[in-house]
Amino acid sequence: MGALGLLARAQDKVSVLTIDDAVALALKGNLQLQSTVLDVDRAREGTAALKTTRLPQFQIYALGGETLRPINFTIPKGALGSYPATGPIPANSSSITTPQQFTGFIFGQASQPLSQQWKIRLALISSRISEDLAKERMRRERQDTAQSVRALYYQIAQTQTQIESAEAIEKYLVELQAETDRKLAQLTVLKGDSLAVRARLSQQRYQLVNLRDASKTQKESFNRLLGRDLETEFSVEVQPLPGAAEIGLAAAHAMALRERPEIEEARLQTKKAETEVRRQRAEYIPDVSASFTYASFPNVSFAPQNVVNAGFLLQWQPFDWGQKRHKTQALRDVTKQSTLAERDTEQQTLLDVNTKFRALAEARMFLDTSAVAQEAQREKLREMTNQYREKAALLSDVLQQEGAAVQADSEYQSAVAAFWKAKANFERALGRE
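Residues numbered from 1 in each chain as written. Predicted model: local features only at pLDDT ≥ 70, side-chain atom pairs only at ≥ 80, totals over all residues. Heavy atoms only, no water.

Chemist: Help me get a handle on the nonpolar core, residues and values and all.
Modeler: Ala22, Val149, Tyr153, Phe222 and Leu226 are the most contacted members of the largest nonpolar core, which totals 35 residues. Only α2 (19-29), α4 (117-185), α5 (191-226), β8 (234-236), α6 (249-259), α8 (323-389) and α9 (395-430) provide two or more residues apiece to this core. Beyond its immediate sequence surroundings of up to four residues, Ala22 is in contact with Leu17, Val149, Tyr153, Phe222 and Leu226. One finds Met384, Ala393, Val398 and Ala405 within the second-largest nonpolar core, a separate group that totals 13 residues. (Core = buried A, V, L, I, M, F, W, Y, C linked by side-chain atoms within 4.5 Å. Buried < 20%, exposed > 50% of the residue type's maximum accessible area, 1.4 Å probe, protein only. Helix = DSSP H or I, 4+ residues; strand = E, 2+ residues; numbered from the N terminus. Contact = heavy atoms within 4.5 Å.)

Have a look at this one:
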């Protein structure tokens, strides 16, 4: 009784993970998805850093040290002019010497961009577009992650169903072996029949081991996809098949064009290319800044100790031999390419929706056909088993029918997996998470 209680508690610890909970866990814990979230944050910080270039910019340069040789220079006689009242200034050539001592040079500047504000505005527009592109890539990664979770979840559910089916077949073969051994003792069947049942049972147990190992590997991969410890135990729900009603093709087209992040990415790329053309054309505008400058030469003889200047700073390249024009034309070509890529992305999206829509319809039809075949083979196996117990059928016929029933079960389970995979692919084609 105590052992049964421990087994029940151990089974309770294996939580049942629904597919919605699995998708939610993956969207929160998947490591690759977390990396794309950091890309969005990095793009946002880049935009914030670019905004600071609109504000005054401060720069300070300081150079200090001891000269290796004295600083000597001579002011020639009359270098400052010659006047009738005083004569030449200076009256004689004068030597100025700064001995070897600590000297320095300090330069400070504060500048406020003026004409550059338009260029900065265009750069901010481009940066915000890059931020939106990062968000769309994150949204695409979320959809891909959700699709991967669903696909692997359905595989685990299929393997789980196959294990249950294999266990049922194993139980059936154990009972058949007992029945055959009983008849062998009564000399109503041959020893070869008994060995054939034993071989089929051994083969079934080997297949069961393979299925359990495959289930373990799938669950480890699933835990990695969810961003949690690989050894986390869980079980999945066998998904009930949805009704035959599906979204219409026209509605699917509209939803995909509205929800697919690839289309929005293509549109943003076109918008970014157009902005880059405007930024390149803005290079014709001279850079004008309001400027305040301070310079100092500590311990340098005859040099001014403090120089203060306020005014403006102009930077302009009046002649560039057509460089800006060629760059602008190259960016216009990029814009045209982006427009073509946008249209092609829309066409690819519609083609993808059409393909996944047809694949889903085919998978549902194949599933219905497999379900009927499975039911028929199982009923035949039940009838054949009853006939064998009543000595109205041979053991070889039972084993042959058992193989046919196993094949029908396998085809049905494959059809279920194919249906759910087609369903997940169609959901991804629509742009759903």
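And the narrative resumes.
Chemist: Give a detailed account of empty space enclosed by the protein, specifying residues and quantitative values.
Modeler: If you walk through the whole model with that rule in mind, you get 1 cavity of 30 Å³ or more. Looking at the largest cavity, its volume works out to about 30 Å³. Lining the largest cavity are Tyr172, Glu175, Leu176, Glu179, Thr385, Tyr388 and Arg389. Put simply, the parts of the chain that give the lining of the largest cavity at least two residues each are α4 and α8. Looking at the lining of the largest cavity, the element that brings in the most residues is α4, giving 4 residues. Classifying every residue of the lining of the largest cavity gives 3 nonpolar, 1 polar and 3 charged. (1 Å grid on protein atoms, 1.4 Å probe; cavity = no way out; pocket = protein on both sides within 12 Å on 5 of 7 lines; lining within 4 Å. Points joined across faces, edges and corners; volume = space filled by probe spheres on them. Nonpolar A, V, L, I, M, F, W, Y, C, P; charged D, E, K, R; others polar.)

Chemist: Can you lay out the packing of α2 against α4 for me, pointing to particular residues and giving the numbers?
Modeler: Two elements in contact, α2 and α4, have axes separated by 9 Å at closest approach and are oriented at 140°. By the angle between their axes, α2 is oblique relative to α4. α2 and α4 meet at a crossing whose hand is right-handed. Facing α2, whose interface residues are Ile19, Ala22, Val23, Ala26 and Leu27, α4 presents Arg142, Thr145, Ala146, Val149, Arg150, Tyr153 and Tyr154. Of the residues contributing to the contact of α2 with α4, the split by class is 9 nonpolar, 1 polar and 2 charged. (Axes fitted to C-alpha atoms, helices over the stretch in contact; angles between N-to-C directions. Parallel < 35°, antiparallel > 145°, perpendicular 65-115°, else oblique. Left-handed = near helix turned anticlockwise from the far one by under 90°.)

Chemist: A description of the packing of aromatic side chains should follow, citing residues and the corresponding values.
Modeler: As enumerated under the stated definition, the model contains 8 aromatic pairs in all. Here the aromatic rings of Tyr61 and Phe107 are separated by 6.1 Å at their centres, their planes lie at 35°, and the arrangement is tilted. Taken together, the positions of Tyr61 in strand β2 (residues 57-66) and Phe107 in strand β7 (residues 102-113) put the pair 46 residues apart, joining distant regions of the chain. Among the residues examined, Tyr61 registers a relative accessible area of 46% and is labelled partly exposed. (Phe/Tyr/Trp six-rings, centres within 6.5 Å; stacked < 30°, edge-to-face > 60°.)

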